[in-house]
Amino acid sequence: MNSHLRYSAQPNTIYGLTAAFRLLDDEVDRGEIPGGVALVTHQGKVAGSYAAGYAVDHGGEKVRAEETTIYDCASLTKVTVTLPLVLQSIGYGLVRLDDPVARFLPEFGTNGKEHITIRHLLIHTSGLPAHQKFYLHGWTPEEIIGAICRLPLEYKSDSKIVYSDLGYMLLGHIAAQVFGDSLDRVASEQIFNPLGMKDTAYCPPEDWKPRIAATEYTELLERCKRGEVHDENAYAMGGISGHAGLFSTAGDLAKYAMMWLNGGRTEDGRAVIPEACVQVSIGTHTRALSGRRGLGWVLKGDKMDVSGDLFSDSAYGHTGFTGVSLTIDPERDISAILLTNRVHYGRDKSVARLRACFHNAVAASF
């Protein structure tokens, strides 16, 4: 077993977190993932953290996963960068949920999209396509944003939920515009620095590379990506986008999760997101549709929910394509971070069952 267990505080429970963390070993042994890091918080403290397997396992190179290993967060970027920046903008009175997107991006108000709002983008009901291969064109980030703005709608807005990277690419661009700086710098100033997330960044510096888990082999680079964002459109955006591009550790994501559990405040009481915005975000905004979505967050019971069987009905979370997830249960005062680089062995590998089983074992531990 290529793993090591660390408890910051031993849970006083029947099962403890050992069963939850041991699931990572099982997946490593089965060859489903090269390795991973899990971390659980309870009542404002880290209850336990665990690292299993390898951060790199390719071409004879093996680098052990550590609790401080940095992972490509993929779509966790949506709820760790873009969502909180939009919520802050709302709290500052600069943006409304029902503001038309065209108010901030006039070019968007074409092809029948004049009525599409910030809320539509946040909850994936705008009518925009799920994905487009913009990276094939060699366009600049500005040209990619312009191309999204000119797209026609693929379906009638408010008629269904279609998870769309494109909406969050626009939201990231709008957030940067509202704050008057690049998205990476705004994220650092408004979120990461206040929370002490020192191992979190877009386009991580070269000296971080030994700590970064490798993702997928790419013919373009003739090696595995390691420190370059895995998502192709985010890569074409220079590694900085509202839908993907963030790199972080389980420890830093725990700080972020506990801020949500603390009503948008740091441990010492400093406000990062207004509590009113936190509460609006984790409420259901898709009652008329066959899904349960908050602002950004996937809520308990949605078809994309990975929280398992035992987390409470108030749980919410998000996943990332590379094999990462963050799930928060305010009723139980628990957050669970699971970071893997499952695409390292190919995109056919899945962590869907691991996520649900992991959350069941976590919930049973308290």
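None of the values given here were measured: they were computed from a predicted structure. (Residues numbered from 1 in each chain as written. Predicted model: local features only at pLDDT ≥ 70, side-chain atom pairs only at ≥ 80, totals over all residues. Heavy atoms only, no water.)

### Considerations on the packing of helix H4 (residues 141-150) against helix H5 (residues 165-179)
At a closest axis distance of 10 Å, the pairing of H4 and H5 adopts a crossing angle of 120°. By the angle between their directions, the pair H4 and H5 is classed as oblique. For the pair H4 and H5, the crossing hand works out as left-handed. Where H4 approaches H5, its residues Ile144, Ile145, Ile148 and Cys149 are matched on the opposing element by Leu166, Met169, Leu170 and His173. Its residues placed into classes, the contact of H4 with H5 shows seven nonpolar, one polar and no charged. (Axes fitted to C-alpha atoms, helices over the stretch in contact; angles between N-to-C directions. Helix = DSSP H or I, 4+ residues; strand = E, 2+ residues; numbered from the N terminus. Parallel < 35°, antiparallel > 145°, perpendicular 65-115°, else oblique. Left-handed = near helix turned anticlockwise from the far one by under 90°. Contact = heavy atoms within 4.5 Å. Nonpolar A, V, L, I, M, F, W, Y, C, P; charged D, E, K, R; others polar.)

### Brief notes about the layout of surface pockets
Here the largest pocket is characterised by a volume of approximately 680 Å³. Along the walls of the largest pocket sit 36 residues, with Ser75, Tyr163, Thr319, Gly320 and Phe321 positioned nearest its centre. For the lining of the largest pocket, the secondary structure elements donating two or more residues are strand E11 (316-320) and helix H10 (352-363). By residue number, the principal contributor to the lining of the largest pocket is E11, which donates five residues. A breakdown of the residues in the lining of the largest pocket according to their chemical character gives 14 nonpolar, 13 polar and nine charged. Approximately 330 Å³ is the volume attributed to the second largest pocket. (1 Å grid on protein atoms, 1.4 Å probe; cavity = no way out; pocket = protein on both sides within 12 Å on 5 of 7 lines; lining within 4 Å. Points joined across faces, edges and corners; volume = space filled by probe spheres on them.)

### Concerning unusual backbone geometry
Not every positive phi belongs to a glycine, and Glu222 is a case in point at roughly 55°. Looking at the secondary structure, you find Glu222 in the loop between strand E7 (217-218) and strand E8 (223-224). Residue classification places Glu222 among the exposed residues on the basis of a relative accessible area of 63%. (Buried < 20%, exposed > 50% of the residue type's maximum accessible area, 1.4 Å probe, protein only.)

Spatial relationships are all this shows, so hold off on functional conclusions.
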